[in-house]
Amino acid sequence: MKFLIIGASGFIGRHILAYAKSLGYEVLGTASRPQPAEGLLGLDLVRDRLVEKVPASFFQTGGPVFVIISAAISQIDRCYRERDVTCAVNVANTMRLMEEAAVLGARPVYLTSSFVFDGRVGYYTESDPHSPISEYGRQKADIESECRQRHADWLLVRLDKIVGDDPAEDHLFSEWYRWSQARHQIVCMANQVFSPTCVDDIARAIILGCQKGLTGLYNVSNSEYFTRDELARQFFRILGGEASIICKTQQELGFVDLRPEKSYLDGGRFVQATGLRFMAMRQVISRFKEKIG
Ligand SMILES: NC(=O)c1ccc[n+]([C@@H]2O[C@H](COP(=O)([O-])OP(=O)(O)OC[C@H]3O[C@@H](n4cnc5c(N)ncnc54)[C@H](OP(=O)(O)O)[C@@H]3O)[C@@H](O)[C@H]2O)c1
């Protein structure tokens, strides 16, 4: 079994790459820049083809190859403002790359998002119908629909909010920590309910899903869920620091496109299929605290 991680310079892709390597698998990773750091291959989804960037032998020997698509333009407002550019990257060229991977004999694994829902009810399952309210969500829903219709043997992993325990990386906890160090208020979107999940669990889940030969769509999500401001209160309670936490509406926050309020997912089907146990947020925050020393 081998892995090619598209978007291995990103937050989630970096963890999948490191985890797959730690298990001893042969792994390659890409970033969009032509000469990326960290031994990654340069691959731009719009410009490049896999056959031009990845040695042919990678696909030809050594067992099944999984091509994990962790590359996207995922800034919500940018997807709205630059609809044509982001649609080209996130939909047309992502589909093209996955189809090329399949022709090369590899199995595509695609990372999708809870933003395929409008967030009115929450606790979404794999069979709930799409109801995106943002351009980013529509782009994710387009790929999910296309895969459901034409590529039932690919694996789609649907995620909600992903956090980490490393203060040096960019994610919700490191952002809150930086804000508190700079004595800024912790501003949260009001009424947002999500299921924060540790990025290390996502890496483990994706590799496990490949090892078990899962196909189709799975929600991969912690069973804990919080309002954003409650998670912030727990974060600073465990850290032992002071922070002023306030909530603002989406309008007050100046968002250009809408965010779903209740984006939390029911990840029970994936847990049943794999037996994976997710880290509690208390544990993730405690590990974050240890790392800041
Ligand atoms: N993080 C979350 O909370 C979350 C939640 C739900 C779903 N997701 C989904 O999970 C996936 C990974 O998210 P992430 O947070 O790890 O994203 P990220 O940190 O923004 O990383 C994005 C990756 O995509 C690459 N990329 C961007 N444009 C590209 C292009 N034109 N061609 C090739 N590569 C390109 C980037 O390469 P460079 O570094 O070279 O630009 C980077 O490696 C995305 O599909 C995202 O929508 C994430």
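Placed above this text is the structure.
The following refers to the structure shown. Not measured: the values here are computed from a predicted model. (Residues numbered from 1 in each chain as written. Predicted model: local features only at pLDDT ≥ 70, side-chain atom pairs only at ≥ 80, totals over all residues.)

What surrounds the ligand is a group of 25 residues, the closest being Gly7, Gly10, Ala31, Ala71 and Ala72. A per-element tally of the shell around the ligand places helix H1 (residues 11–22) first, with three residues. In the shell around the ligand, the residues fall into 14 nonpolar, eight polar and three charged. (Near = placed C-beta within 6 Å. Helix = DSSP H or I, 4+ residues; strand = E, 2+ residues; numbered from the N terminus. Nonpolar A, V, L, I, M, F, W, Y, C, P; charged D, E, K, R; others polar.)

To continue, consider unusual backbone geometry. Positive phi is not limited to glycine here, since arginine 183 has a value of about 55°. With respect to the helices and strands, the residue arginine 183 is situated in the loop between helix H7 (172–181) and strand S8 (186–189). Among the residues examined, arginine 183 registers 9 C-beta atoms within 10 Å and is labelled exposed. Phi is positive for asparagine 191, close to 65°, though the residue is something other than glycine. Assignment of secondary structure puts asparagine 191 in the loop between S8 and strand S9 (193–194). (Buried ≥ 20, exposed ≤ 12 C-beta atoms within 10 Å, placed from the backbone.)

What follows concerns the sheet that holds strand S4 (residues 65–69). An order of S3-S2-S1-S4-S5-S6-S11 is seen for the seven strands of this open sheet, with the pairing classed as parallel. Edge strands, defined here as strands with exactly one partner in the open sheet, are strand S3 (41–42) and strand S11 (216–219). As defined by bridge partners, strand S1 (residues 2–6) adjoins S4 across five bridges and the pair is classed as parallel. If you follow phenylalanine 3 over to S4, its bridge partner there is phenylalanine 66. Of the strands in this sheet, S1, strand S2 (26–31), S4 and strand S5 (107–113) are in contact with H1, which crosses S2 at around 165°. (Pairing = 2+ DSSP bridges. Contact = placed C-beta atoms within 7 Å. Axes fitted to C-alpha atoms, helices over the stretch in contact; angles between N-to-C directions.)

Grouped together as the largest cluster of nonpolar side chains are 77 residues, with contacts concentrated most on Val67 and Ile68. The biggest single contributor to this core is helix H8 (residues 199–211), with six residues. If we ignore the near neighbours within four places in the chain, the residues touching isoleucine 68 are Phe3, Ile5, Ile6, Ile16, Val109 and Ile206. (Core = buried A, V, L, I, M, F, W, Y, C linked by C-beta atoms within 7 Å.)

Here we come to the pairing of S1. Remark: a regular strand shows side chains that alternate across the two faces of the sheet. With four of five residues buried, S1 is to be regarded as a mostly interior element. The sheet contact formed by S1 and S2 spans five bridges and is parallel. Across the sheet, residue isoleucine 5 finds its bridge partner in S2, namely glycine 29. As for the winding sense of the linkage, the β-α-β connection from S1 through H1 to S2 is right-handed. (Right-handed = clockwise from strand over helix to strand, strands pointing away.)

On to helix H9 (residues 228–239), then. When the terminal C-alpha atoms of H9 are compared, their 16 Å separation across 12 residues agrees well with the 16 Å that a helix rising 1.5 Å per residue should span. Those residues of H9 lying buried are Arg228, Leu231, Ala232 and Phe235. Burial along H9 is one-sided: seen end-on, the buried residues are contained in an arc of 105°. Of the surrounding elements, those touching the buried residues of H9 are H7, S8, S9, strand S12 (226–227), strand S13 (245–248) and helix H12 (281–292). (Expected span 1.5 Å × (residues − 1). Arc of directions from axis to C-beta.)

Two elements in contact, helix H5 (residues 83–103) and helix H6 (residues 135–150), have axes whose closest approach is 10 Å; the angle formed by their N-to-C orientations is 20°. In terms of orientation, H5 and H6 fall into the roughly parallel class. For the element pair H5 and H6, the recorded crossing hand is right-handed. For the pair H5 and H6, the contacting residues are Arg83, Thr86, Cys87, Asn90, Val91, Thr94 and Met95 in the first and Glu135, Gln139, Asp142, Ile143 and Glu146 in the second. Tallied by class, the residues present in the contact of H5 with H6 amount to four nonpolar, four polar and four charged. (Parallel < 35°, antiparallel > 145°, perpendicular 65-115°, else oblique. Left-handed = near helix turned anticlockwise from the far one by under 90°.)

A few words on the environment of aspartate 128. Positionally, aspartate 128 belongs in the loop between S5 and H6. For aspartate 128, a count of 14 C-beta atoms within 10 Å puts it in the partly exposed group. Taking the C-alpha atoms as reference points, aspartate 128 and phenylalanine 117, 11 residues apart in sequence, are found 8.6 Å from one another.

Relative to the 16 Å expected for 12 residues at 1.5 Å per residue, H12 spans 17 Å between its end C-alpha atoms, a close match to the ideal helical length. Of the positions making up H12, those classed as buried are Met281, Val284, Ile285 and Phe288. Buried positions in H12, seen along its axis, are confined to an arc of 95° and lie on one side of it. The secondary structure elements touched by the buried residues of H12 are strand S7 (162–163), H7, strand S10 (197–198) and H9. Phi turns positive, to about 75°, at glycine 293, one or two residues after H12.

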